[in-house]
Amino acid sequence: MYQALYRKYRPAGFSDVKGQEHIVTTLVNQIQGGRIGHAYLFCGTRGTGKTTVAKIFARAVNCENPGPEGPCGECAMCRAIQQQASMNVVEIDAASNNRVDDIRQVIDEVQYSPAEGRYKVYIIDEVHMLSVSAFNALLKTLEEPPSYLIFILATTEAHKIPLTILSRCQRYDFRRIGVETIAERLQELLDREGIEAEDRALDYIARQADGALRDGLSLLEQCISFYFGQKLTYENVLKVLGAVDNTVYHELMGTLVRNKVEGAVELIARVVEQGKDLTQFVNEFVWYLRNLLIVKTTEETGRLVDMSAENIGELQRYAQEIEVEMIFRYIRVLSVLAGEMRYGSNKRVMLEVALIRLCRPQMERDYDSLVNRLHILEQRNEELLEAAASGKLTVAAPDCAGGSAAPESEKEIRPEAVPEDVKAVVANWKQLLGRVSPVARKMLEEVRLSVSDSGLLILAFPQSTTAEYFRREDNQAEVMEAAAQLTGKEIHLDVRLVESRREMNTLPELRNIIKNVEIEILD
C-alpha cells in the first residue's frame with residue numbers, strides 16, 4: 001500500500017530528526033543519565049517534529065538497549081511499540097477527545113503499572129483543545145504521578161494552556177526548520193526514491209514550506225506526482241504550486257517606482273488569468289520587498305538574501321531608485337492587505353486598490369507617503385530636465401493659474417466660437433468616457449471642460465492628483481486617442497490645476513454651453 005512521503009520517511013531515531021538538535025541532545029542525555037521527567041510540553045508550529053520526537057522518546061525510554069540515537073529498533077519492546085501492539089504508548093488527539101470524561105478515563109488507566117517495559121507514555125496531541133474541566137482533572141495526576149508514568153503534551157498554541165499545567169512540565173520549543181535544512185532533507189529522500197530534481201526547485205519548495213518539514217514533503221509529493229517520471233524543474237514547481245516567478249515581482253516593482261497605475265492593474269489581471277492565488281502573491285511580494293530593504297540597507301546581501309545573483313542585481317538597481325521610507329510604506333500597506341484578504345470576498349479589487357494607493361501617495365498624509373511624494377516630484381523634475389536638454393520641452397501659454405489676475409466672473413463664450421474639434425468632443429463626452437480605462441474614467445469625474453484662447457480643450461482639475469495624472473504624456477494620449485476614435489478629429493489638450501473655486505468659476509463649462517449639438521460619431 002502506498003504511503004505518503006512524510007509517513008514513509010518519518011524518523012525512526014533521534015539522528016534522523018532535522019533542525020531540532022537542541023531538543024534531541026537534551027532528551028538523549030536525560031535517557032542516558034537516568035534523569036527522565038514525568039511531564040513534557042512540546043511547543044512549536046506545525047510540521048516541526050513534535051509528535052515524531054515524542055514517539056521516538058516513548059520508544060527510547062522503554063527500549064532494552066537505548067543508545068545515542070535513541071531506541072535500538074530491534075528489541076521486543078521497540079518492535080511492539082513500532083507495530084502499535086504495545087499498551088505502554090498511548091496517543092490521544094485532544095481535538096476530538098477534549099471532554100473531562102475522556103481525561104478521567106485516562107486517569108483510571110494510569111493507575112495500573114505496565115505489564116512489560118518500564119514506562120507508560122501518554123502522548124496528548126493538540127493539548128490546548130482540552131476543556132477547562134479536563135485540564136483540572138489532569139492537574140492532580142501531573143502533580144503526583146506514578147513513577148512509571150510519563151506525559152508528553154504537544155501543542156501549537158502554548159499560550160492557551162493554563163499556567164498550573166505549564167509549571168509542572170518541562171517545556172521544549174521546537175524551532176522552525178531552516179530552508180537549507182529542509183532542502184537537504186528533500187534531496188536525501190529523492191535520492192532514495194531515484195528521482196532527479198533541480199536545486200532551485202527544491203530550494204523553492206523549502207521556502208514555501210515556511211519552516212515545516214512535513215509541509216515541504218507534502219509539497220514535494222504534489223510536484224513529483226504531477227510530473228511523474230520526469231525530472232523536477234524549477235518551472236514545473238512554479239506551475240504546480242501556483243507560484244509567481246521573480247520576474248513578475250521585478251515588473252510590479254517597476255510599475256510602483258514609476259507610479260504607473262495602468263501597468264500595475266494590467267499585471268494583476270495577468271496574474272489572475274494564470275490562476276495564481278492573490279493572497280500568496282501578496283505575501284511573496286512582501287518578502288520580495290524585505291529582500292529589497294536588505295539590499296538597500298546592508299552590505300551582507302549574499303548571506304541574508306536567498307536569491308540568484310541575477311535577481312539580486314535587479315534588486316540593487318531598484319535600490320538605487322527608491323528611498324527606504326518608500327519600501328517601509330509598501331511593506332506596511334501590503335502587510336495590512338494580506339491580513340484583510342483572508343476574509344475578503346473580492347481579493348482582486350482589494351489588491352488593485354492597495355496598488356493604486358501605493359502609486360498615489362497624495363492620498364495619505366504620513367511621513368512615508370510624504371517621502372514618496374517628494375520622490376515623484378524629483379522624478380518629474382529629472383524628466384523635465386532631460387526633455388529640456390533634448391529640445392523636446394514646450395512651454396504652454398500662461399493661464400489664470402499662472403499668477404495673472406483672474407477675472408471676477410465667468411467670461412461669456414458663444415457656441416459658434418468654439419472650434420469644431422473641441423465641440424465634437426464635449427458634445428459626446430459621455431461616449432468618450434466609455435472608451436478610456438476605468439482609472440482614467442475615475443480621474444475625469446471632477447474635470448471642468450473649457451476652451452483656451454488658442455482653441456485648446458482645457459481639462460481643469462481641482463485636485464493635484466488628477467491634474468498630475470493627465471499631465472503625463474501617455475495619459476493625455478489615451479484621452480486624445482479616444483476622442484479621435486469617437487469623432488474622427490484630432491484635438492490638443494491643456495491640462496490645468498485650478499485649486500481656487502473663484503479661479504475655477506472664471507472658466508466656462510462647455511458642457512453647459514454646447515447642448516443639443518449634432519455631431520457625427522464614427523463607428
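Think of each chain on its own: its residues are numbered from 1, step by step along the sequence as written. With the structure being a predicted model, the display of local features is reserved for residues of pLDDT at least 70 and the display and counting of side-chain atom pairs for 80 or more, all residues being used for whole-chain, interface and lining totals. Excluding hydrogens and water, the side-chain values take into account all heavy atoms of the structure.

### Digging into the overall build of the protein chain
- Secondary structure is summarised from DSSP: a helix means a run of H or I of at least four residues, a strand means a run of E of at least two, and numbering begins at the N terminus for each. A count of helices and strands for the protein chain gives 26 helices and eight strands.
- It only takes one pair of heavy atoms within 4.5 Å for two residues to be counted as in contact. Considering only contacts in the protein chain between residues 6 or more positions apart, those separated by 24 or more positions represent 75%.
- Only the protein chains shown count as cover for residues, with accessible areas throughout obtained via the Shrake-Rupley method and a probe of 1.4 Å. About 27400 Å² of surface is accessible on the protein chain, with carbon and sulfur atoms providing 48% of the total.

### A few points about the packing of aromatic side chains
- In this analysis, rings of Phe, Tyr and Trp, with Trp reduced to its six-membered ring, are considered paired at centre separations within 6.5 Å, and the interplanar angle assigns stacked below 30 degrees, edge-to-face beyond 60, and tilted for intermediate values. For the structure on display, the rule yields 14 aromatic pairs.
- These aromatic residues form a ring-pair network of at least three members: Tyr40, Phe42, Phe57, Tyr172 and Phe174.
- In this arrangement the basic side chain of Arg290 is found over the ring face of Trp287, its NZ or CZ atom lying 4.7 Å from the centre.
- The ring of Tyr318 has Arg317 lying over it, and the distance from NZ or CZ to the ring centre is 4.5 Å. Sitting over a ring, as applied to charges here, requires NZ of Lys or CZ of Arg to be within 6 Å of the ring centre and within 35 degrees of the ring normal.

### Digging into the pattern of salt bridges
- By salt bridge we mean one thing: a side-chain nitrogen of Lys or Arg within 4 Å of a carboxyl oxygen of Asp or Glu. Inspection of the entire model under this criterion finds 22 salt bridges.
- Across the pair Arg496 and Asp494 runs a salt bridge whose closest N-O atoms are separated by 3.0 Å. No difference in accessibility class separates Arg496 from Asp494, as the two residues are buried.
- Among the charged side chains, a network of salt bridges with common partners joins Arg258, Glu314, Arg317 and Glu321. Three exposure classes are used, based on accessible area relative to the maximum for each residue type with a 1.4 Å probe and protein chains only: buried under 20%, partly exposed in between, and exposed over 50%.

### Some thoughts on helix 24 (residues 473–487)
- Helices are assigned an expected span. That span is 1.5 Å times one less than the residue count. Between its first and last C-alpha, helix 24 extends 21 Å over 15 residues, near the 21 Å set by a 1.5 Å rise per residue.
- Every buried residue of helix 24 is listed here: Asn475, Gln476, Val479, Ala482, Ala483, Leu486 and Thr487. Buried positions in helix 24, seen along its axis, are confined to an arc of 125° and lie on one side of it.
- Residues of helix 24 that are buried sit in contact with helix 13 (261–273), helix 20 (420–427), helix 21 (429–433), helix 23 (464–471) and strand 8 (493–497).
- Backbone geometry just after helix 24 places Gly488 at a positive phi near 75°. Directions from the helix axis toward the C-beta atoms define the arc.

### What about the confidence of the model for the protein chain?
- Confidence of the predictor in every single residue is expressed as pLDDT, which spans 0 to 100. Looking at the protein chain, the pLDDT average stands at 82 and 86% of residues meet or exceed 70.
- Within the model, pLDDT remains below 50 along residues 395–411, and this stretch shows 25 contacts once partners closer than five positions in the same chain are excluded.

### Some points on unusual backbone geometry
- Phi at Glu126 is positive, roughly 50°, even though this residue is not glycine.
- In this structure, Glu126 sits in the loop between strand 3 (120–125) and helix 6 (132–143).
- Accessibility expressed as a relative area gives 23% for Glu126, which makes it partly exposed.
- Despite not being glycine, Asn259 shows a phi value in the positive range, around 55°.
- Assignment of secondary structure puts Asn259 in the loop between helix 12 (246–257) and helix 13.

### Considerations on the environment of Asp102
- By secondary structure assignment, the location of Asp102 is in helix 5 (residues 100–109).
- Taking the C-alpha atoms as reference points, Asp102 and Leu130, separated by 28 residues in sequence, lie 9.7 Å from one another.
- Here a polar contact means two N or O atoms within 3.5 Å. Within protein one must be a hydrogen donor candidate and the other an acceptor candidate, and residues neighboring in sequence count only if both atoms are side-chain atoms. A polar contact is formed between the side chain of Asp102 and the backbone nitrogen of Asn98, at a distance of 3.5 Å.

### Overview of helix 14 (residues 278–297)
- Between its first and last C-alpha, helix 14 extends 28 Å over 20 residues, near the 28 Å set by a 1.5 Å rise per residue.
- Of all 20 residues in helix 14, 15 are buried; the element is thus mostly enclosed.
- The N-terminus of helix 14 is capped by Asp277, whose side-chain oxygen sits 3.3 Å from the backbone nitrogen of Thr279.

### Overview of the sheet that holds strand 7 (residues 457–461)
- Reading across from one edge, 6-7-8 is the order of the three strands in this open sheet, with mixed pairing throughout. The sheet terminates laterally at strand 6 (448–451) and strand 8, the two strands that pair on one side only. Averaged over all pairs of adjacent strands, the angle between strand axes in this sheet comes to 30°, irrespective of strand direction.
- As judged from the four bridges shared by strand 6 and strand 7, these two strands associate in the antiparallel manner. Residue pairing across strands places Leu449 opposite Leu459, the latter belonging to strand 7. Two strands are said to pair when DSSP picks up at least two bridges between them. Only C-alpha atoms enter the line fits that serve as axes; for helices the fit covers just the stretch in contact. Angles between N-to-C directions range over 0 to 180 degrees.

### Considerations on the state of the cysteines
- By disulfide we mean two sulfur atoms from cysteines, separated by a distance within 2.5 Å. Under the defined criterion, the tally for this structure stands at zero disulfides.
- A disulfide-free cysteine, Cys63 has its sulfur positioned 3.4 Å from the sulfur of Cys72, the nearest such atom.
- The exposure class assigned to Cys63 is buried, which follows from its relative accessible area of 1%.
- Distance from the sulfur of Cys78, which forms no disulfide, to the nearest cysteine sulfur (Cys75) is 3.4 Å.

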